[in-house]
Amino acid sequence: MAATPSPRSEASALARFLTEASGAKAVEVGPLTPLAGGAMRHNWRFDAQFSDGALAGVQRLVLRSPGPARFAESLAPGTEFAVLRAAFVAGVRVPEPLFAGADEAICGRPFLVMRHIAGIAAPARITAMNALPAVAEQLGRELARLHRIRPPRRDLAALPAYHDPRSRIAALRAALDRRREPRPVLEWGIRWLETNLPGPIAPVLCHRDFRTGNYLLEGAALAAILDWEFAGWGDPYEDIGWFCCKAWRFARLDREAGGIADRKSLYRGYESEAGRRIDPQRVHFWEILANLRWAVIALQQSDRYMLAGERNLDLALTGRRATESELEILMLIDPAGAPRDA
Amino acid sequence: MRDPPSGPRLLALARTVLSEELTPLLPPDRQDEARLVAAAMALAEREAAAGDAHFATILSELAAFYQEGPSPSRCAGPSLSLHCGERAGVRGDPADLLRRFAADLRCGAFAAARERAARALLWRLTLARLRLEHPEFLAANGFA
């Protein structure tokens, strides 16, 4: 697999941009180091010395830009910047976004610059730790804080309009229709969703990829929530269902909150910040939808190899993981139907 | 007639050499890729050893499900390549049979005992696939 490419720009182009954007007299940029992770976005860490102004001194920063693969749901960096800014202002623990730019001399694509925050995000390492109920509770509080952001917002006008569950289901069906191989379990699961739609709810700003692997831990404490490229207006329960989806429990399937703690810890934090109780039935619906969404994404990843010829073993193998979500869909909808002799 | 060792045994040996002897020699930033290669080889090995017999059994059960039970009524749901309630696939291509099953499930064509029988087939199909694709995941979920 190809390593994360360096920006093809010289550091001087980035220094020029930062000088103009920050209003400093001069900015010196150190070497750019690729950061691990981020299937759709590339991230590079670098230090920048600002001569004066609000950022005077050495700042540890991250340059973030889309990778070569396009994904329909992925936000443009400028929109992701606006989301990150809104979350930061709302008090959500995120890296402070500083600038967004479109100068292609810097990395060939639009980009954003944010503060670098140290910590680990690797799910295998995080879920191998002792249970982290305090982190789950904190994540619940952060999520509730994010969900206070509601439309309409002029600063978030570039976000796509709210899609209710019915339209999300239709999109999953359309994705299945574009594939040649039938997936009976997914069809059955979609049918269940259609016949068990939750009542209407006021849309909020959702992260849409809120899961273990997309936050940083410093020791055993939450440092920051990352990867906002799929954010959008949605049902707040979508984020809760996605966080609890079994695919994101990694080494610890038994810890229902992201492989780090029990569900109660996450719910406790959310409820204390939001001032309202979580409806387990609504989480159940969104958790089933989360499994369907992940199964479809896994199949689409595999299609990037099978149909688009992208030579990537990780993508090819991901498609074979869709069946894991199908098992979870069966276990969630039909727990009594599991064969006793299996 | 092929000479031994069989394809699955060769794959098993090659995977062991890769995992135990070659992977540790790679720089740390390439070792995850070597583990992916080993995982792909393990999957291919299990599939080659198992053959298609188990899936063929489940597909024959699915064919029997359609031959023995009443045909579901046609509905006006969105279409797959086969429409809900069509007879195609019962004796034909297994993929067509699965397509028909998927289309019928999409539009909720089964009720009561037929629906329970359809769910049982979904379970059997899923467990059979996971036994090949990810047996550790199956075990971690309490399935032997």
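As the structure is a computational prediction, the values presented were derived from the model and not from experiment.

**Some remarks on the overall build of chain B**
Item 1. Scanning chain B from terminus to terminus reveals 6 helices and 0 strands.
Item 2. Taken from N to C terminus, the helices and strands of chain B fall in the order α-α-α-α-α-α.
Item 3. Out of the 144 residues belonging to chain B, those deemed buried represent 22%.

**Section: the overall build of chain A**
Item 1. The helix and strand inventory of chain A stands at 12 helices and 10 strands.
Item 2. At 21 Å, chain A has a C-alpha radius of gyration in line with the 20 Å of a compact globule built from 342 residues.
Item 3. When the backbone C-alpha atoms are referred to their principal axes, chain A occupies close to 70 × 50 × 40 Å.
Item 4. Among the 342 residues that make up chain A, the fraction classed as buried is 48%.

**Some points on the confidence of the model for chain A**
Item 1. With 95% of its residues at a pLDDT of 70 or more, chain A has an overall mean of 93.
Item 2. Every residue in residues 1-5 of chain A scores below 50 in pLDDT, and together they form 5 contacts with partners more than four places removed in sequence or on other chains.

**Digging into the pairing of strand E8 (residues 215-218) of chain A**
Residue and element names in this part refer to chain A.
Item 1. Residue alternation in E8 divides its side chains into a buried set, Tyr215 and Leu217, and an unburied set, Leu216 and Glu218.
Item 2. Across 4 bridges, E8 lies against strand E9 (residues 221-225) in antiparallel orientation. Among the inter-strand pairings, Tyr215 is bridged to a residue of E9, identified as Ile225.
Item 3. The hairpin formed by E8 and E9 contains 2 residues between the paired strands, and Gly219 there has a positive phi angle of roughly 65°.

**Description of the pairing of strand E3 (residues 41-50) of chain A**
Residues and elements named next belong to chain A.
Item 1. Most of E3 is tucked away: 7 of the 10 residues are buried.
Item 2. Both strand E1 (residues 27-29) and E3 contribute to a ladder of 3 bridges, which runs antiparallel. The residue of E3 that forms the bridge with Glu28 is Gln49.
Item 3. Sheet topology note: the strand E2 (residues 33-34)/E3 ladder contains 2 bridges and is antiparallel. Across the sheet, residue Thr33 finds its bridge partner in E3, namely Arg45.
Item 4. Bridge count between E3 and strand E4 (residues 57-66): 10 bridges; the pairing is antiparallel. When the sheet's bridge partners are listed, Arg41 is paired in E4 with Pro66.
Item 5. Counted along the chain from E3 to the antiparallel partner E4, the turn is 6 residues long, and its residue Gly53 has a positive phi close to 85°.

**With respect to the interface of chain B and chain A**
Item 1. Contact with chain B, which involves 32 residues of that partner, is made by 25 residues of chain A.
Item 2. Looking at the side of chain B that touches chain A, the elements with two or more residues in it are helix H2 (28-50), helix H4 (94-106), helix H5 (112-133) and helix H6 (135-140) of chain B.
Item 3. Examining the composition of the side of chain B that touches chain A, we find that 11 residues originate from one element, H5 of chain B, more than from any other.
Item 4. Its residues assigned to classes, the side of chain B that touches chain A comprises 21 nonpolar, 4 polar and 7 charged.

**A few points about the packing of helix H5 (residues 133-146) of chain A against helix H9 (residues 263-274) of chain A**
Residue and element names in this part refer to chain A.
Item 1. The contact between H5 and H9 brings their axes to 7 Å, and the two run at 35°. Handedness of the crossing formed by H5 with H9: right-handed. Between H5 and H9, the contacting residues are Pro133, Ala136, Glu137, Gln138, Leu139, Gly140, Arg141, Leu143, Ala144 and Arg145 on the first element and Ser265, Leu266, Tyr267, Arg268, Gly269, Tyr270, Ser272, Glu273 and Ala274 on the second.
Item 2. Considering only residue class, the contact of H5 with H9 consists of 9 nonpolar, 5 polar and 5 charged.

Calculation notes
Residues numbered from 1 in each chain as written. Chains lettered and ligands numbered in written order. Predicted model: local features only at pLDDT ≥ 70, side-chain atom pairs only at ≥ 80, totals over all residues. Helix = DSSP H or I, 4+ residues; strand = E, 2+ residues; numbered from the N terminus. Buried ≥ 20, exposed ≤ 12 C-beta atoms within 10 Å, placed from the backbone. Rg over C-alpha atoms; globule rule 2.2 N^0.38 Å. pLDDT = per-residue confidence, 0-100. Contact = placed C-beta atoms within 7 Å. Pairing = 2+ DSSP bridges. Nonpolar A, V, L, I, M, F, W, Y, C, P; charged D, E, K, R; others polar. Axes fitted to C-alpha atoms, helices over the stretch in contact; angles between N-to-C directions. Left-handed = near helix turned anticlockwise from the far one by under 90°.

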